[in-house]
Every structure is written in structure tokens, then in C-alpha cells.
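Structural features, examined
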Amino acid sequence: MSGTSSLFQLWQFPSSSLFSGRSKLSKGLYLVPVRVLYPVSCFCKQMQTTTYEIVKGSYVVSNTQDQQEKKEKLAPEVEKIGAFQKLPMVMPSVDILHSALKKAKRVSPTKGIVNLAKRERNRGAKQLDALMKEIAVPLRTYKENFPNKRYLHPYERSLIELTLGDGNYEEVLGKLEALRKRVVSVGKEHASLCAKSLSKREAEERLNEGMKRIEEIFGRDGKAVDELLNIAKTLRAMPVINLETPTLCLVGAPNVGKSSLVRVLSTGKPEICNYPFTTRGILMGHITLSYQNFQVTDTPGILRRSDEDRNNLEKLTLAVLTHLPTAVLYVHDLSGECGMSPSDQFLIYKEMRERFSSHIWLDIVSKCDLLQASPVIFATDECNIDDVELVRYRTMGPDGALHVSVKNEIGLHELKNRVHELLVSQSERIRNQKSKEEELEVSS
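It should be emphasised that the depicted structure is a prediction, and the values quoted were computed from it without experimental measurement. (Residues numbered from 1 in each chain as written. Predicted model: local features only at pLDDT ≥ 70, side-chain atom pairs only at ≥ 80, totals over all residues. Heavy atoms only, no water.)

**A word on the overall build of the chain**
Helix and strand counts for the chain come out as twelve helices and twelve strands. Counted over contacts in the chain with a minimum sequence separation of 6, partners at least 24 positions apart contribute 71%. Accessible area of the chain: about 26500 Å², with a carbon and sulfur share of 52%. (Helix = DSSP H or I, 4+ residues; strand = E, 2+ residues; numbered from the N terminus. Contact = heavy atoms within 4.5 Å. Areas by Shrake-Rupley, 256 points an atom, 1.4 Å probe, with all protein chains shown as cover.)

Put into C-alpha cells, the structure is as follows:
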């Protein structure tokens with residue numbers, strides 16, 4: 001209801017009589033009583049349907065749309081890449097408990113208390129309160145400073161899900177918060193009991209019981225801290241990618257020679273072995289060409305299957321292509337050495353090329369020194385001679401593909417030149433995209 005009132009209607013109410021009975025005046029005149037009507041204003045309350053807000057000491061009509069916009073502005077924005085390098089340092093649970101116990105036991109009672117029982121009650125309550133805070137404060141700091149996954153860059157969000165497992169990150173943070181609340185609750189409860197003790201001995205017993213109870217709780221559930229410590233180590237080890245630096249992403253089936261090419265092209269030193277999925281994560285290297293710096297990523301191999309059946313290593317590759325502005329160096333192995341038939345590689349290639357058609361693309365046929373005059377055909381292949389594109393792919397690879405051999409150093413010089421041209425084009429694309437975003441910000 002509003003504090004303001006409005007005039008509803010004008011009424012006339014009879015006033016009380018001026019005189020009661022007749023009053024006789026001189027010469028037979030009488031004063032007859034009458035009723036005099038006076039106008040009286042009647043007010044009623046009016047429903048307040050307008051929302052006001054105080055601006056510089058005055059009430060101003062509030063706009064709900066403005067309020068919604070303010071809420072949206074106050075909402076956390078999606079972070080840029082680099083959140084993993086800002087993670088706080090996490091102490092092992094054993095160190096947290098040891099440090100908390102040590103500091104709590106050093107707490108002395110308030111000076112000036114003469115009565116032994118009162119002094120012991122005061123000391124016990126203060127020590128339990130100190131122990132509770134020394135444990136709860138680090139836990140709260142970790143919870144507040146580890147980023148909310150919803151506001152991470154989509155690429156880093158994918159890294160968390162695929163590296164740690166879907167839901168594990170939130171589960172550990174949830175267990176950490178539950179542990180903090182439990183320690184605070186038990187600490188306050190026992191500190192209160194200690195403060196109400198009737199004797200020095202009872203206060204000492206309450207103190208020991210409280211210390212022991214908090215220690216038991218943290219010893220049982222403190223493994224959540226160690227799990228968070230391992231998560232922090234894993235996330236900090238993730239490669240840092242600068243979105244404004246042109247990036248070359250090597251993609252292809254497992255064991256086709258991507259890692260060998262990364263070693264040739266960049267400072268990256270990935271593991272090279274003759275078995276599938278040698279690359280078990282996203283590996284970073286850097287290139288300096290004509291005084292310009294570029295990035296190179298080596299990704300796990302992709303198999304011929306649906307997205308639902310892909311393992312997390314394959315999904316990491318798809319996350320890079322989906323969320324990062326990269327140029328693609330697609331590597332083909334037609335020699336049969338990789339363990340996957342050229343026919344299957346062709347189908348994977350067609351799918352990836354269509355799916356990520358917006359990327360700048362360069363095709364490479366690796367191990368060209370092992371290619372034979374007749375194409376390699378596996379027993380599981382369906383020999384469809386009517387598919388001209390597939391027949392040509394088995395022999396030469398895609399149209400315009402560059403043939404190289406790291407072992408015999410064939411085509412490496414041309415490869416570096418083509419990669420440089422590719423990355424310069426990617427750099428120009430990034431600048432154009434940034435200019436468009438700045439123009440949109442100015443216009444809005």
C-alpha cells in the first residue's frame with residue numbers, strides 16, 4: 001500500500017445540534033434548533049502499482065527493463081582462456097590440519113581473568129574457535145577462487161570435462177564446501193559447550209573433545225582437499241593457448257605422423273612411438289617464421305566412428321577444432337603403416353572437412369617414401385571402383401595435398417613455406433574478426 005492518499009468523494013455529514021430544545025427570545029420570538037451541514041473530505045488508500053528507487057536522495061520511477069539489464073551486467077562474464085594459470089595454490093590436507101592445530105594451541109586466554117574455571121573456559125572456547133577458523137578459511141578460499149565451470153571459456157570447459165570426467169570437478173568442490181560447513185558447525189557447538197563449563201576440569205574435557213572431534217572430521221573427509229590439489233596440478237599442466245596468436249592444429253588418424261611433423265615444424269617435442277594414440281593430450285609447440293610467432297598443437301588421432309562412441313582423447317581434438325580459431329594441417333598416411341586403411345581415413349577426412357569447413361585447411365600425405373605404385377587396400381575395404389574420388393585418394397591423397405617424408409626429408413622446405421602462408425592467412429583472419437567485434441562494441 002502506498003503512503004500517498006487521494007481524494008475519493010465529497011460527502012456532507014450532519015453536525016451536532018447547536019441548541020437543545022427551544023430558547024425563547026424577546027417579543028414572542030423563539031430560536032428553533034437546526035442542523036448545519038459541513039463538507040467533510042473522506043480519503044481512502046490507493047494500491048501502489050509503480051516501483052520506485054532512490055536516486056541521489058529522490059524517489060524515481062524504476063524501469064524493470066533497466067533492472068534486468070543491470071542484473072545481466074552484474075552476472076559473471078565468460079572468462080578468456082588462461083583461468084587455469086590463476087588457480088590458487090592448494091595445501092595438502094595434512095599440512096592444513098597440522099598448521100591449524102599448532103596455531104590453535106598457541107592461543108592464550110584473555111588477560112585479567114583471575115578465576116581458574118573462567119580462564120580455562122575462555123581459553124578452551126578461543127582455541128576451538130581458532131582451530132575452526134584456521135581450517136575453514138582455506139577451504140572457503142579454495143571454493144571461491146576455483147572458477148565456476150559455467151563461466152569458463154568453452155575450450156577450457158571441455159578440457160575439464162574430458163580430462164577430469166564429467167561432473168567430477170563440481171563434485172570435489174561440493175565435498176569441500178560440505179567439509180567446511182561441518183567443521184564450522186562442530187567447532188561452534190563445542191566452543192559453546194566449553195564456554196558453559198562449570199569447572200576447570202570440565203572446560204579442559206570439553207576442549208579436548210572438541211579438538212578430537214574436529215580432527216576426526218577433517219581426517220575422514222579431508223581427502224577432498226587432496227583431490228582438489230591433484231585437480232589443480234592437472235589443470236595447470238594444460239597448454240596455454242593465446243587466442244590472438246595464429247595456431248596450427250595437426251589433425252588425422254592415429255599414428256599417421258603428426259607428432260613427427262610437430263617436431264620438424266616447431267619447438268614442441270611430443271612422444272613418437274609406433275602405436276595408436278601416442279598423443280594422450282593436447283601438446284603445444286611454437287614457430288618463429290620471419291620474426292613472427294605462431295602456435296602449433298598436436299592432437300590425438302581420430303577413428304572412424306560416431307561422436308557418441310568416441311573416447312575422451314578424440315573428443316579433445318574435436319574440442320580444439322570447435323572452440324579455437326585454428327588453421328588445420330590434416331595428415332594422411334596412405335602407406336598402411338598407421339594401421340588404418342586409406343578408405344577409412346578418406347571417410348574420416350570427408351566428415352572432418354565438411355564439419356569444420358570454416359577453418360583454413362592444408363592437406364599433407366606423410367611417409368611418401370613408403371608409397372607404392374599400387375594403392376594399399378585392406379581386406380576389410382569395400383573395393384568400389386565407381387567412386388573415382390576414393391580411387392584417386394588411395395593413390396595420391398586429396399586434391400592439392402603436399403607429399404612429405406620426415407625420415408628422408410622430402411618436401412619439408414615446401415611444407416614450411418606453405419605452413420607460413422597458412423598462418424599468415426590465419427593471422428589476417430584473426431585481425432579482421434577482432435575489428436568486427438570492436439565495431440559491434442562501439443555501435444552498441
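Back to the write-up after that little detour.
**A look at the side chain of T326**
One can find T326 in strand β10 (residues 326-332). The contact partners of T326, leaving out residues within four places of it in the chain, are T247, C249, V320, L321, H359 and Q426.

**Concerning the pattern of salt bridges**
Pairs can form between side chains of opposite charge once their charged atoms are near each other. Evaluation of the coordinates by the stated rule reveals 26 salt bridges. Here D129 and K133 are joined by a salt bridge, their closest N and O atoms 3.1 Å apart. Of this pair, D129 and K133 both sit in helix α3 (residues 116-145), four residues apart, which is roughly one turn of that helix. On the basis of relative accessible area, K133 is assigned to the partly exposed category, the value being 46%. Where E161 meets K149, a salt bridge forms, and the shortest distance between an N and an O atom there is 3.4 Å. (Salt bridge = Lys/Arg side-chain N within 4 Å of Asp/Glu carboxyl O. Buried < 20%, exposed > 50% of the residue type's maximum accessible area, 1.4 Å probe, protein only.)

**What to know about the sheet that holds strand β7 (residues 247-252)**
Across the sheet, six strands lie side by side as β8-β9-β7-β10-β11-β12; this open sheet has mixed pairing. The open sheet has two free edges, formed respectively by β8 (283-289) and β12 (402-403), since each of these has just one partner strand. Bridge analysis of strand β11 (residues 361-365) against β12 gives two bridges, and the strand direction is parallel. Across the sheet, residue V365 finds its bridge partner in β12, namely H403. (Pairing = 2+ DSSP bridges.)

**Overview of a negative patch on the surface**
Together, E437, E438, E439 and E441 make up a region of like negative charge exposed at the surface. By secondary structure assignment, the location of E439 is in helix α12 (residues 412-443). (Patch = residues over 30% accessible without salt bridge, like charges linked within 9 Å, V, L, I, M, F, W, Y side chains within 5 Å. Lys, Arg positive; Asp, Glu negative; His and termini not counted. Charge placed at Lys NZ, Arg CZ, Asp CG, Glu CD.)

**As for the nonpolar core**
The biggest cluster of nonpolar side chains holds 92 residues, and the ones touching the most others in it are I135, F146, V225, L248 and L415. At ten residues, the largest contribution of residues to this core is made by helix α5 (residues 168-195). Among all residues touching L248, those that are not within four sequence positions of it are L265, Q295, V296, T297, A327, V328, L329, V419, L422 and L423. Core analysis: the next-biggest nonpolar cluster, separate from the first, contains six residues, L334, F346, L390 and A401 among them. (Core = buried A, V, L, I, M, F, W, Y, C linked by side-chain atoms within 4.5 Å.)

**A short note on helix α9 (residues 312-323)**
The end-to-end C-alpha distance of α9 is 16 Å, a good match for the 16 Å that twelve residues give at a rise of 1.5 Å each. Along α9, the residues classified as buried are E314, L316, T317, L318, A319, V320 and L321. Residues of α9 that are buried sit in contact with α4 (154-164), β7, β9 (292-298), β10 and α10 (342-355). With a side-chain oxygen lying 3.1 Å from the backbone nitrogen of L313, the N-terminal cap of α9 falls on N311. (Expected span 1.5 Å × (residues − 1). Polar contact = N/O pair within 3.5 Å; in protein donor to acceptor, adjacent residues only side chain to side chain.)

**Here we look at the confidence of the model for the chain**
Detailed reading of the predicted coordinates is not advisable wherever pLDDT is low. Here the chain averages 82 in pLDDT, while 76% of its residues score no lower than 70. Under a pLDDT of 50 for its full length, residues 272-278 has, in the predicted model, 19 contacts with residues more than four places off or in other chains. (pLDDT = per-residue confidence, 0-100.)

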